[in-house]
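Geometric and topological summary
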Amino acid sequence: MKMMQDMSKEADSQVQTEMPQVSRLVVNQNDERFISYDYRESPPREMVQWFRRRARILFNYSMVKKCLPILSWLPKYQCSYVMYDLIAGITVALTAIPQSIAYGILANLSPQYGLYSNIMGCLAYAVFGSVKDVTIAPTSLTAIMVQHVVKELEYGTALLTFLAAVVTISFGALNLGVLVRFISIPVVMGFTFAACLTIGSAQIRSLLGIKTQGKSSDFVTSWTNVFTHLDEVRMADCILGCCSIIVLCSLRLTKDLGEGRWRTFFKYLVLLRNALIVVAGATLAYYLKTDMDDSVFNLTGHVPAGLPVFQMPPFSYTNINGTEYSFGDMLSVMRTSIITIPLVTTLEIVSVGKAFSKGKIIDATQEMIALGMSNLVVSFCSPLPAAGSFTRSALNNSSGVRTTMSCAVTAVVLTISLALFTDALYYIPKATLASVVISAMLFMPDYEEIGNIWRSKKMDLIPFLATALACLFYELDYGILVGIGLNCCILLYLMSTPGLSGEEIQLSGLTVLLVKVDQSLAFSSAEYLRDWILKRIDQRDHIDVVVIDGQNIHFADTTVAKNFVSIEEDLRIRQIRLMLWRFDAKVAFVFLRMRKELFIPLLRADVQLQDAVARWKHLHYQIPTE
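- Naming follows an unreviewed UniProt entry, where the protein appears as STAS domain-containing protein of Anopheles quadriannulatus.
- In its Subcellular location (unreviewed entry) section, UniProt records this for the protein: "Membrane".

Some details on the overall build of the protein
- In terms of regular secondary structure, the protein is built from 29 helices and nine strands.
- Per-residue burial for the protein yields a buried fraction of 51% across its 626 residues.
- The long-range share in the protein, meaning contacts at least 24 apart out of those at least 6 apart in sequence, stands at 79%.
- When the accessible area of the protein is evaluated, it comes to approximately 30,100 Å², of which 61% is carbon and sulfur surface.

Some details on the packing of aromatic side chains
- Within the structure shown, the criterion is met by 17 aromatic pairs.
- For the pair Y113 and Y155, a centre-to-centre distance of 5.7 Å together with 45 degrees between the ring planes defines the contact as tilted. Residue Y113 is found in helix α7 (residues 111-128), and its partner Y155 is found in the loop between α9 (147-153) and α10 (158-173); the two are separated by 42 residues along the sequence. In this pair, the class of Y113 matches that of Y155, namely buried.

A few points about the side chain of S100
- Secondary-structure assignment places S100 in helix α6 (residues 80-106).
- Among residues more than four places away in sequence, those in contact with S100 are P111, G114, L115, N118, P138 and R392.

A few points about the sheet that holds strand β7 (residues 545-549)
- In spatial order, the strands read β5-β6-β7-β8-β9; together these five strands make up an open sheet with mixed pairing. Here the strands that pair on one side only, and so sit at the sheet edges, are β5 (500-507) and β9 (603-604).
- Both strand β6 (residues 510-517) and β7 contribute to a ladder of five bridges, which runs parallel. Bridging from a neighbouring strand, L514 pairs with V547 of β7.

Some thoughts on helix α28 (residues 585-599)
- Over its 15 residues, α28 runs only 12 Å from end to end, short of the ideal 21 Å by more than 12%, given 1.5 Å per residue.
- Considered for burial, the residues of α28 that qualify are A585, V587, A588, F589, V590, F591, L592, L598 and F599.
- Where α28 starts, the residue carrying a side-chain oxygen 2.9 Å from the main-chain nitrogen of K586 turns out to be D584.

Re the confidence of the model for the protein
- Chain-level statistics for the protein give a pLDDT mean of 82 and a share of 85% at 70 or above.
- Per-element confidence in the protein is highest for β7, whose mean pLDDT is 94, and lowest for helix α1 (residues 2-18), whose mean pLDDT is 45.
- Low pLDDT, under 50, characterises residues 1-5; the predicted model gives this stretch three contacts beyond four residues in sequence or across chains.
- Long-range and interchain partners of residues 7-20, a stretch whose pLDDT sits below 50, account for 15 contacts in this model, where long-range means more than four residues apart.

Concerning a nonpolar patch on the surface
- The grouping of V178, F182, L491, L492 and M495 at the surface amounts to a nonpolar patch, some 430 Å² of accessible area in total.
- As for its placement among the helices and strands, L492 is situated in helix α25 (residues 476-496).
- The exposure class of L492 is partly exposed, given its relative accessible area of 45%.

Reading the values: rules and limits
Residues numbered from 1 in each chain as written. Predicted model: local features only at pLDDT ≥ 70, side-chain atom pairs only at ≥ 80, totals over all residues. Heavy atoms only, no water. UniProt positions renumbered as here; feature names shortened; annotations may be inferred. Helix = DSSP H or I, 4+ residues; strand = E, 2+ residues; numbered from the N terminus. Buried < 20%, exposed > 50% of the residue type's maximum accessible area, 1.4 Å probe, protein only. Contact = heavy atoms within 4.5 Å. Areas by Shrake-Rupley, 256 points an atom, 1.4 Å probe, with all protein chains shown as cover. Phe/Tyr/Trp six-rings, centres within 6.5 Å; stacked < 30°, edge-to-face > 60°. Pairing = 2+ DSSP bridges. Expected span 1.5 Å × (residues − 1). Polar contact = N/O pair within 3.5 Å; in protein donor to acceptor, adjacent residues only side chain to side chain. pLDDT = per-residue confidence, 0-100. Patch = residues over 30% accessible without salt bridge, like charges linked within 9 Å, V, L, I, M, F, W, Y side chains within 5 Å. Salt bridge = Lys/Arg side-chain N within 4 Å of Asp/Glu carboxyl O.

This is how it looks when you write it as C-alpha cells:
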C-alpha cells in the first residue's frame with residue numbers, strides 16, 4: 001500500500017508538471033485561457049460587444065441602403081429599363097385584376113379589398129423589395145388563412161394584418177430570417193398540397209352556381225355544403241366554369257408550341273390567359289343579361305370606385321350583427337394566425353425569390369422587412385394580407401422586368417382600373433373567377449417532388465402527410481404548426497440519439513473500450529450516452545478503461561458535464577477507469593468549470609491513442625486491489 005501511495009504522489013507531481021503542456025490535454029493547444037488556468041465564461045462582456053457591433057451595423061448608411069433597396073437601384077436607373085418595367089407592370093396588372101378580385105371574394109370580403117391589398121403591397125415593395133421579379137399581392141393562401149377571422153370580425157381583420165406585419169418586421173429587425181430554415185421541404189409541400197385542395201374545394205360552390213355559403217371554407221365544410229345544396233346548382237354557371245377550366249388548362253399546355261413569332265405569341269397568350277378568360281366571361285354575361293337583378297350567371301356585383309380610404313386598423317370592433325369585440329376578444333379570434341401568417345407569407349416570398357434569383361443569394365431578413373412594411377401599409381386600407389405571388393412573379397420575370405419599379409407600375413394600373421373600369425368589373429361571373437383559382441391550384445403542387453420524397457427518404461413522408469392531413473381536416477395555420485412541431489420532434493430525437501460505436505482493444509496491457517460519438521452532445525443526449533456505455537460494460541467480461549473519443553464533440557452543456565461525472569462514478573464503482581481523448585478546449589472548459597480536480601486527470605489529446613493510454617496509465621492508473 002505504501003508503494004501505491006508513493007506512486008500516487010509521484011503521479012500528482014507529474015500532473016502538475018504536465019499541465020502547461022497543453023498539447024497532451026486538449027486538441028487546440030494554443031488556447032490562452034487553458035494555459036493560464038482561466039476556465040471562466042464572460043458572457044456579459046461578450047454580450048456588450050455584440051450589442052455594440054449590432055448598433056454600429058444598424059446605424060450607418062450602408063444599413064439604410066440595405067433596408068431601402070430603392071436607394072441602391074434608383075440612382076443607377078437607366079432609360080433602357082423603362083420600357084421593360086412598363087410592359088412587365090401592365091402585363092402583371094392585367095392578370096392581377098381578376099385574381100385580386102377572386103381572392104378578395106375567397107376571403108369572404110368585398111372584391112375591392114383584394115385590389116386595395118394589391119395596390120398598397122406593390123407600392124411598398126417597390127421601395128423595400130430586394131428581388132426585382134417578386135410581386136406582392138393577396139394570394140390564395142393568405143385569403144384562405146384569414147377566412148375564419150373574417151367570418152367574425154369582418155373589416156376588423158385589418159388588425160390581424162397589422163399585427164402580422166409588426167411580427168414580420170420584428171423578425172426582420174432581429175435578423176431572424178434563419179427561422180425559415182426550420183420549415184422543411186416536406187412540411188412546405190404538405191401545406192401547399194392541402195392548401196390547394198382546400199382552396200379549390202372552396203371554389204366548387206361558385207363554380208356550380210350555388211349561392212348558399214357554408215359556415216366556413218375549410219375542406220370538409222366546403223364539400224358538405226356542396227352536397228347538401230345540389231338542388232341549387234345552376235347549369236349556366238356550371239357550363240361556363242367547366243369550359244373556362246378546360247380553356248385555361250389547354251392554354252397552359254400550349255406555352256411551348258410553335259417556332260419564332262408563333263412561339264412568342266403562344267407564350268404571351270398563356271401569360272394573359274386569366275385576363276382573357278375573365279374578359280370573355282364578363283362580355284358573355286353582359287350580352288346575355290336580361291335583368292340587372294336576375295342575370296344568367298352569378299356575378300361579382302358592384303365594386304366601389306375610387307381609392308381606398310386610409311384609417312387606423314381597429315383595436316376594438318362591432319360587426320354587422322352588433323357583436324362587440326374588445327382588443328382581447330379580437331386576439332382570441334385570431335389565435336395562432338398572428339404567428340402563422342408571418343411564417344407562411346415569409347416562406348412564400350423567400351421561395352418565390354429563390355425561384356427567380358438564378359442562383360443569387362436571397363436575403364431572407366430583408367424580404368421579411370419588405371413583406372412586413374407592405375402589410376403594414378395594407379392594414380390601413382384593407383383587411384386582406386399580401387404575400388409573394390408566384391404566378392404574377394413568373395409573369396413579371398417572363399416580361400423582362402429590370403427593377404422593382406414594375407411593382408409601382410402595376411399599382412398605378414390597378415388604381416386607374418378602380419377609378420375608371422369598375423362598371424365592367426360588375427359583370428365578371430363568379431364561376432369564371434372560380435375557374436381561374438381552381439386551374440391555378442391544379443398546377444401549384446410539385447407532384448414530381450412528392451415522388452422524390454418517396455424515393456430519397458421515406459421517413460419524410462411522415463411530416464408531409466401529418467401536415468397535409470392536419471391542414472385538410474383541421475385548419476391551415478394549425479396544420480403547418482403540426483408539421484413544424486413534428487419535424488422538431490424528429491430533429492430532437494436525432495439529437496438525443498447520437499451515433500455511438502464501441503471497440504474493445506488491447507493497449508499497454510489494458511483492455512480498453514473505445515467509445516466514438518459522431519456528433520455534439522446536448523442535455524437530451526447525455527443520459528443516452530451514459531446508459532449506452534453502462535450497457536456495453538455489462539455485456540463484456542472485463543474492461544479496464546473506457547476511452548471516450550471527443551473528436552466530433554464540439555458542444556456540451558451543464559447536463560452533459562454532470563452526466564460525465566456520473567459516468568466516472570459509475571465506472572469507478574465497477575473498478576473501471578475513464579479517459580477523455582481528443583476533446584476540444586471549449587468542451588473541456590465546460591467540464592473543468594464543473595469539477596476541475598476530477599476532469600484534469602481524465603483529459604488526453606495525444607495524436608495516437610496508444611500514446612495517450614500509455615502516458616495516462618503511467619500518470620494516473622492504479623491497479624485495482626482485491
